[in-house]
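This is what each chain is made of:
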Amino acid sequence: MLVLGIESSCDETGVALYHSEQGLLAHVLHSQVEVHAEYGGVVPELASRDHIRFLIPLVNQLLENSGCQRSEIDAVAYTAGPGLIGALMSGAAVARSLAWALGVPAVEVHHMEGHLLAPMLEGEVPKLPFIALLVSGGHTLLAEVERVGDYRLLGQSVDDAAGEAFDKTAKLLELGYPGGPALAKLAQQCTPGRFRFPRPMTDRPGLDFSFSGLKTFALNTIQSIQSDPDLEQSKADVACAFEEAVVDTLVIKCRRALQQTGCSRLIVSGGVGANRRLRDELRAMAEERGARVYYPRIEFCTDNGAMIAYAGCQRLLAGERQPLDIDARARWPMDALAAIR
Ligand code: KG4
Ligand code: ZN
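Small disclaimer: the values here were computed from a predicted structure and weren't measured. (Residues numbered from 1 in each chain as written. Chains lettered and ligands numbered in written order. Predicted model: local features only at pLDDT ≥ 70, side-chain atom pairs only at ≥ 80, totals over all residues. Heavy atoms only, no water.)

**Q** What is the right way to look at the pairing of strand β3 (residues 23-31) in this model?
**A** Relative to β3, strand β2 (residues 12-19) runs antiparallel, the two sharing 8 bridges. When the bridges of β3 are listed, G14 appears paired with L29. Taken together, β2 and the strand that follows it, β3, pair antiparallel across an intervening segment of 3 residues. (Pairing = 2+ DSSP bridges. Helix = DSSP H or I, 4+ residues; strand = E, 2+ residues; numbered from the N terminus.)

**Q** Could you clarify how one ought to interpret the sheet that holds strand β1 (residues 2-7) in this entry?
**A** The pairing of strands in a sheet comes from backbone hydrogen bonds and takes either a parallel or an antiparallel form. Within the open sheet, the 5 strands sit side by side as β3-β2-β1-β4-β5. Their pairing is mixed. Edge strands, defined here as strands with exactly one partner in the open sheet, are β3 and β5 (106-110). Here the average twist between neighbouring strands, direction ignored, is 20 degrees. (Axes fitted to C-alpha atoms, helices over the stretch in contact; angles between N-to-C directions.)

**Q** Sorry, what's going on with the site of ligand 1 here?
**A** Inspection of the region around ligand 1 gives 18 residues, with H115, G137, D167, G271 and N275 positioned closest. In the environment of ligand 1, an oxygen atom lies 2.7 Å from a nitrogen or oxygen atom belonging to the backbone of G137. Here an oxygen atom of ligand 1 and a side-chain polar atom of D167 are 2.6 Å apart. Put simply, the parts of the chain that give the shell around ligand 1 at least two residues each are α4 (111-117), α5 (162-172) and α6 (179-187). Among the residues forming the shell around ligand 1, the class breakdown is 5 nonpolar, 11 polar and 2 charged. (Near = heavy atom within 4 Å. Polar contact = N/O pair within 3.5 Å; in protein donor to acceptor, adjacent residues only side chain to side chain. Nonpolar A, V, L, I, M, F, W, Y, C, P; charged D, E, K, R; others polar.)

**Q** In this structure, what is going on with the state of the cysteines? I would like to understand it.
**A** Disulfide: a covalent bond formed between the sulfur atoms of two cysteine residues. Within the structure shown, the criterion is met by 0 disulfides. Note on C263: no disulfide assigned, nearest cysteine sulfur contributed by C254 at a separation of 12 Å. Among the residues examined, C263 registers a relative accessible area of 11% and is labelled buried. (Disulfide = S-S within 2.5 Å. Buried < 20%, exposed > 50% of the residue type's maximum accessible area, 1.4 Å probe, protein only.)

**Q** What is the right way to read the packing of helix α8 (residues 231-261) against helix α9 (residues 276-289) from this model?
**A** To describe two helices that pack against each other, one gives the angle between their axes and the distance between the axes. Put simply, α8 and α9 touch, their axes get as near as 10 Å, and they point 30 degrees apart. Here α8 is positioned roughly parallel relative to α9, judged by the angle of their axes. Considering how the two elements wind past one another, α8 and α9 form a crossing that is right-handed. Each of C240, E243, E244, V247, D248, L250, V251, C254, R255, L258 and Q259 in α8 lies in contact with α9, whose residues at this interface are R277, L278, E281, L282, M285, E288 and R289. (Parallel < 35°, antiparallel > 145°, perpendicular 65-115°, else oblique. Left-handed = near helix turned anticlockwise from the far one by under 90°. Contact = heavy atoms within 4.5 Å.)

**Q** How do you make sense of the coordination of the zinc ion (ligand 2) when you look at a structure like this?
**A** Six octahedral donors around a metal ideally make angles of 90 or 180 degrees; four tetrahedral donors ideally make 109.5 degrees. Protein coordination of the zinc ion (ligand 2) is provided by H111 (NE2), H115 (NE2) and D303 (OD), with donor distances spanning 2.0 to 2.1 Å. Given 4 donor atoms and angles of 94 to 131 degrees at the metal, the environment of the zinc ion (ligand 2) is assigned as tetrahedral. Donor residues binding the zinc ion (ligand 2) come from one chain and are separated in sequence as H-x3-H-x187-D. Taken as a pair, H111 in helix α4 and D303 in the loop between β10 (292-294) and α10 (305-317) lie far apart in primary sequence, 192 residues in all. Neither H111 nor D303 differs from the other in exposure class; each is buried. (Donors = N, O, S within 2.8 Å, 3.2 Å for Na, K, Ca; no water. Tetrahedral: all angles 85-135°; square planar, octahedral: opposite > 155°, others 65-115°.)

**Q** Would you take a moment to explain the pattern of salt bridges for this structure?
**A** Two side chains that carry opposite charge are able to pair once their charged atoms sit near each other. Considering all chains together, one arrives at 20 salt bridges under this definition. Notably, a salt bridge pairs D160 with K215, separated by 3.1 Å at the nearest N-O pair. You can see D160 sitting in the loop between β8 (150-156) and α5 and its partner K215 sitting in helix α7 (residues 212-224), a full 55 residues away along the chain. The class for D160 is buried, based on a relative accessible area of 8%. In this structure, D280 and R276 form a salt bridge, with 3.8 Å as the shortest nitrogen-oxygen distance. (Salt bridge = Lys/Arg side-chain N within 4 Å of Asp/Glu carboxyl O.)

**Q** Looking at this structure, I do not really get the sheet that holds strand β7 (residues 140-147). What am I missing?
**A** The 5 strands lie next to each other as β8-β7-β6-β9-β10, forming an open sheet whose pairing is mixed. Only two strands of the sheet have a single partner each, and these edge strands are β8 and β10. Going across the sheet, the axis of each strand differs from the next one's by a mean of 25 degrees, ignoring polarity. The pairing of strand β6 (residues 130-135) with strand β9 (residues 265-269) spans 4 bridges and is classified as parallel. Pairing of I131 across the sheet is with L266, part of β9. Running at roughly 155 degrees to β10, α9 makes contact with β6, β9 and β10 of the sheet.

**Q** Could you clarify how one ought to interpret the nonpolar core in this entry?
**A** The tendency in soluble globular proteins is for nonpolar side chains to be buried as a group. Counting residues in hydrophobic clusters, the biggest one holds 60 residues, and the most contacted among them are L4, I6, L116 and Y151. Per-element tally for this core: the top contributor is α10, with 8 residues. The residues touching Y151, leaving out its near neighbours within four places in the chain, are E113, L116, L117, A143, E144, V145, M334 and L337. Counting residues in each nonpolar core, the second largest holds 48 residues, with V135, F209, A218 and L258 among its members. (Core = buried A, V, L, I, M, F, W, Y, C linked by side-chain atoms within 4.5 Å.)

Here it is in structure tokens:
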């Protein structure tokens, strides 16, 4: 089955072709960074308009790159939520219309399920059950996954998501948008050990997270360095201490989740999963426990069409279909999904 996947929930337009037997055939991504950069964050209306402008040319480019014909597409999968409603509706409208014109089924994909299954897209596929750490700009959660579609929530952020904390702290450091990767880059130039940030909610049992306090801690620390002779170096030291605190906290909770469930496989997905320090430290923690950690390739950590095509393909193979209505949901709890295998 050849599935066209369409992602448009936020600030990236992603399209991909995934074949149930041959795997990922091609993917194309258009980033809106330039559109939003001057505003210091995503402007929803501009995001929707940009998706509308690029979706169809991207699908054409995808077909050209893959050598596939439009008529070979067996189904269309698209992100139906959660996300920015206008952005979602742009993708939903194109996906549904294409499916209707081609006379093929269309299927809604939950954006977080797309992220969560991204490590299964290619390479060595982790066996079920596994623990999933999902760290994106909008969500931070740990789930136990026994079957695809059956996500038992172990813990989640009670306030800011990890990526959101990266972005807000990056803004305080005047690193602009998108903040996470810029902060991680600056942190590489640090003097280790100059600052130490707290590791929130690690001193008590449980698997929930809280990252909003770190942002306040960063604000106070940044205010205290303003008259430093080498402000750039001091900023790098703050970036590093912040990154260490987030990574350490995530590692502590992942270790706890593996311990608590007795599981020996951890998968990591979502934009913050692209963070080098997080990848290295989780791998070291897993090795220490005789466990394995699985990641998607870096470009599939952040938003992309490939993960949507893959997740949609699994749901289509399980027989899922939706009626023709063009629908999208800004909010969509992941435990509302049906288990499929
Ligand atoms: O999964 P994603 O592309 O979009 C959402 O679904 O939210 O995640 C984007 C988030 C942003 O907050 C971004 O700053 C963060 O992932 N991010 C990173 C890195 N790359 C992306 N955070 C830390 N280090 C990185 N290398
Ligand atoms: Zn995402």
